[in-house]
Structure formats: C-alpha cells, structure tokens
Amino acid sequence: VQLQASGGGLVQAGGSLRLSCAASGSIFSIPVMAWYRQAPGKQRDLVASITKVGNTNYADSVKGRFTISRDDAKNTVYLQMNSLKPEDTDAYYCNVLAATPRGVANVWGQGTQVTVSS
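Let us look at the structure shown here. (Residues numbered from 1 in each chain as written. Predicted model: local features only at pLDDT ≥ 70, side-chain atom pairs only at ≥ 80, totals over all residues. Heavy atoms only, no water.)

Observations concerning the pattern of salt bridges
Pairing of side chains with opposite charge becomes possible as their charged atoms draw close.
Moving on, step 1. All told, the structure shown has 6 salt bridges when counted by the stated rule.
Moving on, step 2. Measuring nitrogen to oxygen at the nearest pair gives 3.1 Å for the salt bridge that ties Asp60 to Lys63.
Moving on, step 3. Residues Arg65 and Asp88 are paired through a salt bridge, measuring 2.7 Å at the closest nitrogen-oxygen approach. Taken together, the residues Arg65 in the loop between β6 (56-58) and β7 (66-71) and Asp88 in the loop between β8 (76-81) and β9 (90-100) connect sequence positions 23 residues apart.
Moving on, step 4. Relative accessible area serves as the criterion here: at 11%, Arg65 is assigned to the buried category.
Moving on, step 5. Look at the salt bridges and you will find they share partners, linking Arg37, Arg65, Asp88 and Asp90 into a network. (Salt bridge = Lys/Arg side-chain N within 4 Å of Asp/Glu carboxyl O. Helix = DSSP H or I, 4+ residues; strand = E, 2+ residues; numbered from the N terminus. Buried < 20%, exposed > 50% of the residue type's maximum accessible area, 1.4 Å probe, protein only.)

What about the environment of Leu10?
Moving on, step 1. Looking at the secondary structure, you find Leu10 in strand β2 (residues 9-12).
Moving on, step 2. A sequence separation of 70 residues divides Leu10 from Gln80, and the C-alpha atoms of the two residues are 15 Å apart.
Moving on, step 3. Among all residues touching Leu10, those that are not within four sequence positions of it are Thr115 and Ser117. (Contact = heavy atoms within 4.5 Å.)

Below, the structure written as structure tokens:
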C-alpha cells in the first residue's frame, strides 16, 4: 500500500487549503484514515481521523475549522482547512489502517508542508 499526499503550500492567516491523500495497492478496505502533523523536533500529533462509517475525531485545536472527509471509491482522504492560523504551520502526514491480502497495514504518506503566514 502506498499513499500520495498533495495540497500543501503557503497561505496567509485566515486562508484555506485542502489536502488530499490517495491510497494505492492491494487493498480490501480502509477502516480508518487520518491526518497528523508534526513540527521539527516535536512529536507527531493527530489532527483528524475518519472511519469507514463516517465517524470523525478532531484535535481540539482544529475543531470548527478543519473538516476531514473520504471518498472510498477513490481510496482518498481529504482535509479541508479553513481559518488557518500561523500555529497550524507544520508538516502534515496522512495515515491509513488498511486491510490487505497480507493482513492489516498501518501506512504513512510523505509529509506535505503547510505554512501559514501572519
């Protein structure tokens, strides 16, 4: 299973960005899809997650501003980020828990940088 993330970039405070992450490979299903973020020298923290049935979970710092969604036909997870703040500046990583012919796989995508200027 491989993940390809896109959509990061530079935006002014108050602006919006949409991240996408597509999974490819031999996949039966993806029970959980998520986004994490990490600043240099710090731990990787959960931003948002979504289950196959649509249950979502958000970090308190992004509630009301970020929305996670998924398109199972495309094996893709999205993160719509609105009202961005400078403190949202981080590398963002997608993560999936996928059911594959070889069993359950916990897969990370490459980071995509989000920079919010004040």
